[in-house]
Amino acid sequence: MDIDLPEYPFPQPTALEPPPEWAELRSGCPVAEVRLASGDPALLLTRYSDVRQVLSDPRFNRLLNAEDAARITANESGGVFGAEQAEKTPTGEAHQRWRRLVGRYFTAKRMAAMQPRIQAMAERLLDEMVAGGAPADLVSSYGFPLPVWVICDLLGVPDSDRAKFAYWSDHMLSLTRYQQDEINAAEQEFGRYIWAHVDAKRADPGDDLISELIAVADAEDGQLSQMELVGTAQGLLIAGHETTANMIGKMTAMLLADRSRWEQLVAEPALVRTAVEEALRFDANPGFGLPRYITEEIEVGGTKLPPGTTVITSMAAANRDETAFESAGDMDLRRAPNPHLSFGAGPHSCIGQALARTELQTALTVLLDRLPGLALDVSPEELPRREGLIIGGLERLMVRW
Amino acid sequence: MIRVSVDRERCCGAGQCVLLAPDVFDQGEEDGIVVLLEPEPAEPLHGIVREAEAVCPTGAITTS
Ligand code: HEM
Ligand code: SF4
């Protein structure tokens, strides 16, 4: 094996610009050998059609705990993609059963019904940010707290525990930033908290997701065990917090980096829906991508991949594929349809996407409404990236208004 | 005229279609899986239904 393989993830020129490797590989080497942080090799896919094909095909599974699968991160548990997580992740029929049980709660209608509460939370956070005076950091005062509040609301967790949730979430997503013992401690504390929370909801149900799942589980005789309930709550926090939080910051930064975009939205707020989709597509700093593993030979992009291969699908590279999107390199706030892959595709595609869309649209609408004069307080090239996490984002987003 | 069909086996309940065209698509109370309300939507809805077809993450919607 070549020891000079390019290291993945690729370094980014700035927080809002994609690594040049994406375009090079899309045109020259759509199935590219790369080396991961663990030192293990994997194959990177960057074309729209290949990424979509792999994510839609269940033979590309998520069992990265297999003996010969590539390890994603330097530390042993590997965060969300590690072996431990793989053991907790249901696949095949068990996954479909879980998905349908939990999916009943995540319908678009139900998420729309949460919208007024999300809006009230967003308004409260902005009020506090404005009261603190300009400049302010939009990431820590708006982007991060909002999705945690929403997940706490979803799970029926009291407001007073929101700060603890944010802390655990940050640790459990670690790529290289925290030590293994810190990550383990956070996982354990969070696990204990959720276990007790599920018990509390069993004794005293509310109208939250956990209470509803308990009711279904009990009515249909143990459809979801205590372990599965705890795993579901944990999974929702891990999958729904940092992703949405970072996206609020990145979306706002992208729109402000070229002020004509922001002004277009101030003048025409009806564009918020398509603007959010375009921000999701255009995100140049999405993090790792999705790893998959195969146990049989499958052909992708004209290459036969042998059994035991680990592939990494780069949705963000695929989202800029000129063969799938006209003027893919331009941010077009009116783009529709916009079949970007930022929520994945196929049977595992993001179950929280209706909620994420509601949160992003609401967060943006409230910002436009309250602070139409919003502007970056630093130049876009100087925006600091969050380092060392699987989900990409901005460390800070200093703004004035 | 367009005819819409949905494949409930493929659908993963992501709800994109309902967010876009609530008059045409709904999701089942029991499982969050797509329910087709209007197989022959009126003309003004054609654009948004085609958009739903294009963005459905599992390719569960087809129009003809
Ligand atoms: C902008 C925000 C978000 C982004 C970009 C995002 C992205 C993704 C992606 C790419 C996947 C696919 C993973 C895979 O195929 O292996 C996924 C799955 C998932 N997401 Fe999201 N997500 C977001 C918000 C949320 C929210 C708000 C929630 C819930 C509160 C959530 C819950 C989940 C869950 C539970 C899964 C696993 C689904 C399964 O295995 O069937 N996500 N997300
Ligand atoms: S968009 Fe597709 S996957 Fe999502 S609910 Fe509608 S039909 Fe199902």
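All of these numbers come straight from a predicted model, not from anything done at the bench.

## Considering the overall build of chain B
Next, step 1: From N to C terminus, chain B includes 2 helices and 4 strands.
Next, step 2: Reading the secondary structure of chain B in the N-to-C direction produces β-α-β-β-α-β.
Next, step 3: Principal-axis analysis of the C-alpha atoms places the extent of chain B at approximately 30 × 20 × 15 Å.
Next, step 4: Sorting the 64 residues of chain B into buried and exposed places 52% on the buried side.
Next, step 5: Look at the contacts in chain B between residues 6 or more apart in sequence, and 55% of them connect residues 24 or more apart.
Next, step 6: Of the roughly 3,000 Å² of accessible surface on chain B, 50% is carried by carbon and sulfur atoms.
Next, step 7: In chain B, 4 side chains carry a positive charge and 12 a negative one; their mean positions are 8 Å apart.

## Observations concerning the site of ligand 2
Next, step 1: Neighbouring residues of ligand 2: 13 residues in total, closest Cys11, Ala14, Gly15, Cys17 and Cys56 of chain B.
Next, step 2: A class-by-class count of the residues in the shell around ligand 2 yields 9 nonpolar, 4 polar and no charged.

## Side note on the coordination of the iron atom of ligand 1
Next, step 1: For the iron atom of ligand 1, the sole protein-derived donor is Cys350 of chain A (SG), lying 2.3 Å away.
Next, step 2: Inspection of the secondary structure assignment puts cysteine 350 of chain A in the loop between helix 14 (315–318) and helix 15 (353–370).

## Observations regarding the environment of leucine 280 of chain A
Residue and element names in this part refer to chain A.
Next, step 1: Checked against the element boundaries, leucine 280 lands in helix 13 (residues 272–282).
Next, step 2: When its relative accessible area of 6% is taken as the criterion, leucine 280 is described as buried.
Next, step 3: Between the C-alpha atom of leucine 280 and that of lysine 250, which follows or precedes it by 30 residues, the distance is 9.1 Å.

## What about the confidence of the model for chain A?
Next, step 1: Overall, the predicted model of chain A reaches an average pLDDT of 88, with 91% of residues at or above 70.
Next, step 2: Note on residues 76–87 of chain A: pLDDT under 50 across the span, and 29 contacts to partners over four residues away in sequence or across chains.

## Some points on the interface of chain B and chain A
Next, step 1: In this assembly, 26 residues from chain B lie in contact with 22 residues from chain A.
Next, step 2: Interface of chain B and chain A: buried area, both sides summed, is about 1,900 Å²; carbon and sulfur atoms make up 48% of it.
Next, step 3: Considering only the surface of chain B that becomes buried against chain A, Cys12, Leu19 and Pro57 of chain B emerge as the three largest contributors, covering 24% of it.
Next, step 4: On inspection of chain B and its partner chain A, the count reaches 3 salt bridges.
Next, step 5: The salt bridge involving glutamate 30 of chain B is made with arginine 104 of chain A; its shortest N-O contact spans 3.1 Å.
Next, step 6: Applying the counting criterion to the chain B and chain A interface returns 9 residue pairs in polar contact (both at pLDDT 80 or more).
Next, step 7: Elements with a contribution of two residues or more to the side of chain B that touches chain A: helix 1 (16–20), strand 2 (25–27) and helix 2 (46–55) of chain B.

## Observations regarding the nonpolar core
Next, step 1: With 104 residues, the main nonpolar core has Phe106, Tyr142 and Phe165 of chain A together with Phe25 of chain B as its most contacted residues.
Next, step 2: For this core, the element with the most residues is helix 11 (residues 226–257) of chain A, which contributes 14 residues.
Next, step 3: Setting aside residues no more than four positions away along its own chain, phenylalanine 25 of chain B makes contact with Val4, Val6, Cys17, Val18, Val34, Val35, Leu36, Leu37, Val49, Ala52 and Ile61 of chain B.
Next, step 4: If you look at the next biggest cluster of nonpolar residues, it comprises 19 residues, including Tyr48, Ile298, Val300 and Met315 of chain A.

## Observations concerning helix 1 (residues 21–28) of chain A
All names here are of chain A.
Next, step 1: Within helix 1, burial applies to Trp22, Leu25 and Arg26. Across the axial projection of helix 1, the buried residues extend over an arc of 105°, all falling on one side. Turned more than 90 degrees off the buried face of helix 1, the exposed positions are Ser27 and Gly28.

## Let's talk about the packing of helix 7 (residues 145–155) of chain A against helix 15 of chain A
All names here are of chain A.
Next, step 1: At a minimum axis distance of 11 Å, the contact between helix 7 and helix 15 shows a crossing angle of 135°. Judged by the inter-axis angle, helix 7 sits oblique to helix 15. The handedness of the crossing between helix 7 and helix 15 is right-handed. Contacts between helix 7 and helix 15 involve Leu146, Pro147, Val150 and Leu154 from the first element and Leu355, Glu359 and Ala363 from the second.
Next, step 2: Here the contact of helix 7 with helix 15 is built from residues that sort into 6 nonpolar, no polar and 1 charged.

## Examining the sheet that holds strand 8 (residues 375–376) of chain A
All names here are of chain A.
Next, step 1: Taken in spatial order, the 3 strands line up as 3-9-8 in an open sheet, and their pairing is antiparallel. The strands lining the two open edges of the sheet, one partner per strand, are strand 3 (136–137) and strand 8.
Next, step 2: Looking at chain direction, strand 8 and strand 9 (residues 398–400) are connected through 2 bridges and run antiparallel. Note that in strand 9 the partner of alanine 375 across the bridge is arginine 400.

Calculation rules
- Residues numbered from 1 in each chain as written.
- Chains lettered and ligands numbered in written order.
- Predicted model: local features only at pLDDT ≥ 70, side-chain atom pairs only at ≥ 80, totals over all residues.
- Heavy atoms only, no water.
- Helix = DSSP H or I, 4+ residues; strand = E, 2+ residues; numbered from the N terminus.
- Buried < 20%, exposed > 50% of the residue type's maximum accessible area, 1.4 Å probe, protein only.
- Contact = heavy atoms within 4.5 Å.
- Areas by Shrake-Rupley, 256 points an atom, 1.4 Å probe, with all protein chains shown as cover.
- Lys, Arg positive; Asp, Glu negative; His and termini not counted.
- Charge placed at Lys NZ, Arg CZ, Asp CG, Glu CD.
- Near = heavy atom within 4 Å.
- Nonpolar A, V, L, I, M, F, W, Y, C, P; charged D, E, K, R; others polar.
- Donors = N, O, S within 2.8 Å, 3.2 Å for Na, K, Ca; no water.
- pLDDT = per-residue confidence, 0-100.
- Buried area = accessible area lost by both parts, 1.4 Å probe.
- Salt bridge = Lys/Arg side-chain N within 4 Å of Asp/Glu carboxyl O.
- Polar contact = N/O pair within 3.5 Å; in protein donor to acceptor, adjacent residues only side chain to side chain.
- Core = buried A, V, L, I, M, F, W, Y, C linked by side-chain atoms within 4.5 Å.
- Arc of directions from axis to C-beta.
- Axes fitted to C-alpha atoms, helices over the stretch in contact; angles between N-to-C directions.
- Parallel < 35°, antiparallel > 145°, perpendicular 65-115°, else oblique.
- Left-handed = near helix turned anticlockwise from the far one by under 90°.
- Pairing = 2+ DSSP bridges.

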